[in-house]
Amino acid sequence: MNKRRFKVKNILLILFIVVFLFSTTKIVLFLFDLRNNKNETKELIQDVINIEIEEEKEVFKIDFEKLLSINSDTIGWIRFNQDKVNNPIVHTSDNSYYLKRSFEKKSNQAGAIFMDYRNTSFNDKNVVLFGHAMLDDTMFGSLQDIFKNDFFDTKENNYIQIYNKDNELLTYQIFSYYIIEKEEYYITTSFKSDSDFNKFIDTITKRSYKKFDVEVSTNDNILTLSTCSGTGGTSKRKVVHAKRVENLE
């Protein structure tokens, strides 16, 4: 009887060690990916971003030729939240490829920021961008800041900047943000009629945790940011909607 107990204890101990080593390895690899992703983005920013002076103003310029030579899927660049979000945007034929690949197409759990495959350009009625909510605030991790009470007290935090491949600046003003169970509706990219689009605008506006003094109509172009809300495997999504406006002076 004692021998049998001893055997069971040993088997349980071995199982515990295996599970422990497996979990530890996963954590180490995850942290390794985080570091690599942050370093890759930092080097990319240094290589492709230039601040030029035009008419006594600082102008943010991106070397899209260099970006495209690194990754031909490049479609733009996003800046937001005091440059906590400061990344290239990629676009390919599905919404899974860049979930675990970096901008340089290397295997990485942090992934890349990518446009919904159904979108064709930033002129679509609803352009959807996805990114992981990384624990170190990289990618779309810093979108959690939006849910702080004083976030929108800073004027610049109300706006998201997108640069297209022609280095044209597209500015979007936030009008809605919320957390919702994973669904397809808020990531609808095209609409059969103005009536459908108007209904969409009404729905996503009413969902917002804060009422903004921003009018949105069927003449507008919308930008939607989507990321996970919670730990891995969560079914909830943090969502931000903004409409295209005239660029700020």
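Our structure's up above, just so we're on the same page.
A quick note: this is a predicted structure, and the numbers were derived from the prediction, not measured.

Trainee: Residue-level account of the overall build of the protein chain, with values.
Mentor: For the protein chain, the count of helices and strands is three helices and 10 strands. A burial count over the protein chain gives 43% of its 249 residues as buried. Once local pairs closer than 6 in sequence are excluded, the contacts in the protein chain between residues at least 24 apart make up 60%. Surface accessibility of the protein chain: about 14,700 Å² in total, with carbon and sulfur atoms responsible for 51%.

Trainee: Please set out the pairing of strand β7 (residues 159-164) residue by residue, giving values where relevant.
Mentor: Of all six residues in β7, five are buried, a share of seventy percent or more. Examined bridge by bridge, strand β3 (residues 74-80) and β7 share four bridges and lie antiparallel to one another. Looking across to β7, one finds that I78 is bridged to I162. The pairing of β7 with strand β8 (residues 169-181) spans five bridges and is antiparallel. Of the residues in β8, the one forming a bridge with Y159 is Q173. The turn linking β7 back onto β8 is made up of four residues, and N167 within it adopts a positive phi angle of 65°.

Trainee: Pulling in residues and values, what's your account of the nonpolar core?
Mentor: The nonpolar side chains of a soluble globular protein tend to be buried with one another. Counting 58 residues, the largest nonpolar core has W77, I78, L129 and I160 as the members making the most contacts within it. In terms of residues, this core owes the most to one element, β8, which gives seven residues. Look past the residues within four positions of I160 in its chain and what remains in contact with it is I78, R79, F80, L170, T171, Y172, I174, L223, L225, V240 and A242.

Trainee: Outline the sheet that holds strand β10 (residues 236-245), listing residues and values.
Mentor: Spatially, the eight strands close up into a barrel ordered β3-β4-β5-β6-β9-β10-β8-β7, and their pairing is mixed. Within the sheet, the average angular offset between the axes of one strand and its neighbour, ignoring direction, is 30°. Note: strand β4 (residues 85-91) against strand β5 (residues 113-115), three bridges, orientation parallel. Bridge pairing links I89 to I113 in β5.

Trainee: I'd like a rundown of the environment of V48, residues and numbers included.
Mentor: Within the fold, V48 resides in helix α1 (residues 2-48). The buried category is assigned to V48, whose relative accessible area is 0%. Put simply, V48 and E65 are 17 residues apart on the chain and 9.0 Å apart in space, counted from C-alpha to C-alpha. When near neighbours in sequence (up to four residues on either side) are disregarded, V48 contacts K61, I62, D63, K66, L67 and W77.

Calculation rules
- Residues numbered from 1 in each chain as written.
- Predicted model: local features only at pLDDT ≥ 70, side-chain atom pairs only at ≥ 80, totals over all residues.
- Heavy atoms only, no water.
- Helix = DSSP H or I, 4+ residues; strand = E, 2+ residues; numbered from the N terminus.
- Buried < 20%, exposed > 50% of the residue type's maximum accessible area, 1.4 Å probe, protein only.
- Contact = heavy atoms within 4.5 Å.
- Areas by Shrake-Rupley, 256 points an atom, 1.4 Å probe, with all protein chains shown as cover.
- Pairing = 2+ DSSP bridges.
- Core = buried A, V, L, I, M, F, W, Y, C linked by side-chain atoms within 4.5 Å.
- Axes fitted to C-alpha atoms, helices over the stretch in contact; angles between N-to-C directions.

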